[in-house]
Amino acid sequence: MINPGNETGHQIRIEFSINKGISSKQNSADIRLYNLTESHRNAMGKEFDSITLEAGYIPPGDDGNVGVIFKGAVRDVEHEKTQDGNIITTISCGDGDKAIRKATISKSYPKGTPVKTVVKDIYAEMEKKGMARGEWKFPDNMKETFDRPYAMCGMCSRELDVIGKGHKFYWSSQNETLEIIPGDGTVGGIVLLTPDTGMIGTPSITDNGVRVSCLLNPEIRPNRRVQIKSDTLEMNASNGIYRVSEVSFTGNNQDGEFRCDLTCEAIKGGKVDEGVK
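Residues numbered from 1 in each chain as written. Predicted model: local features only at pLDDT ≥ 70, side-chain atom pairs only at ≥ 80, totals over all residues. Heavy atoms only, no water.

1. Section: the packing of aromatic side chains
Evaluation of the coordinates by the stated rule reveals six aromatic pairs. Arranged with centres 5.3 Å apart and planes meeting at 80°, the rings of Phe16 and Phe258 form a pair that is edge-to-face. One end of the pair, Phe16, is in strand E1 (residues 14-21); the other, Phe258, is in the loop between strand E15 (241-252) and strand E16 (259-268), with 242 residues separating them in the sequence. The same class applies to Phe16 as to Phe258, namely buried. Taken together, a centroid distance of 5.6 Å and an interplanar angle of 90° make the contact between Tyr123 and Trp136 edge-to-face. Taken together, the residues span a long stretch of sequence, with Tyr123 in helix H3 (residues 115-127) and Trp136 in strand E7 (residues 132-136) at a distance of 13 residues. Through pairs of rings, three or more aromatic residues link up here, namely Tyr123, Trp136, Phe138 and Phe169. In this arrangement the basic side chain of Arg13 is found over the ring face of Tyr34, its NZ or CZ atom lying 4.1 Å from the centre. Of note, Arg133 hangs over the ring of Trp136, and the distance from its end group to the ring centre comes to 3.6 Å. (Phe/Tyr/Trp six-rings, centres within 6.5 Å; stacked < 30°, edge-to-face > 60°. Helix = DSSP H or I, 4+ residues; strand = E, 2+ residues; numbered from the N terminus. Buried < 20%, exposed > 50% of the residue type's maximum accessible area, 1.4 Å probe, protein only. Lys NZ or Arg CZ within 6 Å of the ring centre and 35° of its normal.)

2. Points about unusual backbone geometry
A positive phi angle, close to 55°, is found at Asn175, a residue other than glycine. Here Asn175 shows up in the loop between strand E9 (169-173) and strand E10 (177-182). If you check the backbone angles, Glu176 has positive phi at about 60° while not being a glycine. Within the secondary structure layout, Glu176 lies in the loop between E9 and E10.

In structure tokens form, the structure reads like this:
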């Protein structure tokens, strides 16, 4: 644990850059630590070691809003000495790395097997590699069973990609938790974004949604919804509600803001506008 709480100030300079999305492309994080001692550098971990990053704001006299913004595994650790004498340790991380890269399955099923049964079997193998189960929502009109015998042999992540594409759902690892949503659906609650709740600048309207920035909020995650209220733009979603399709978290505990940059898709009539495919 590095720099827990804020009672004594920041002892170590930390920078982070985290990218997350709704697709099966892995969420990733780069965490940079400045001027660790040699013993601490040597203790930074090895490939597949677990890593959790919590961040947020704690105003004076307030409990604040601090939470996990990334949970995953170490991919690589590099140490670099800069020209100005700083030693920067960069930890590169992947969300659900061990399950996505190591979990495999080899199994066949008869005609008429439920699609959800096959998905559960894939997850069972990923669970053995550390993946937890989150919320699963499948499309309302998804075909429930396979019309023909179905066989799998290979990486669990690849098999989920194939089934998801064929049955119109997304799967992703969010803080080492497997989540499934319909192509036009969401999970979880709604975060309100206004100038009073941390929105930075003015949203930018896209063909099927919006791009917007705000102060870092751990509750903002892919697959969830945000409600955006702006006095300068007319939103292109019902009640200003959008699905978060991509979010990046960036911060530096000594300079600059902790912030989120979001790409969102409009929700109209209870369904996500996925744009032109």
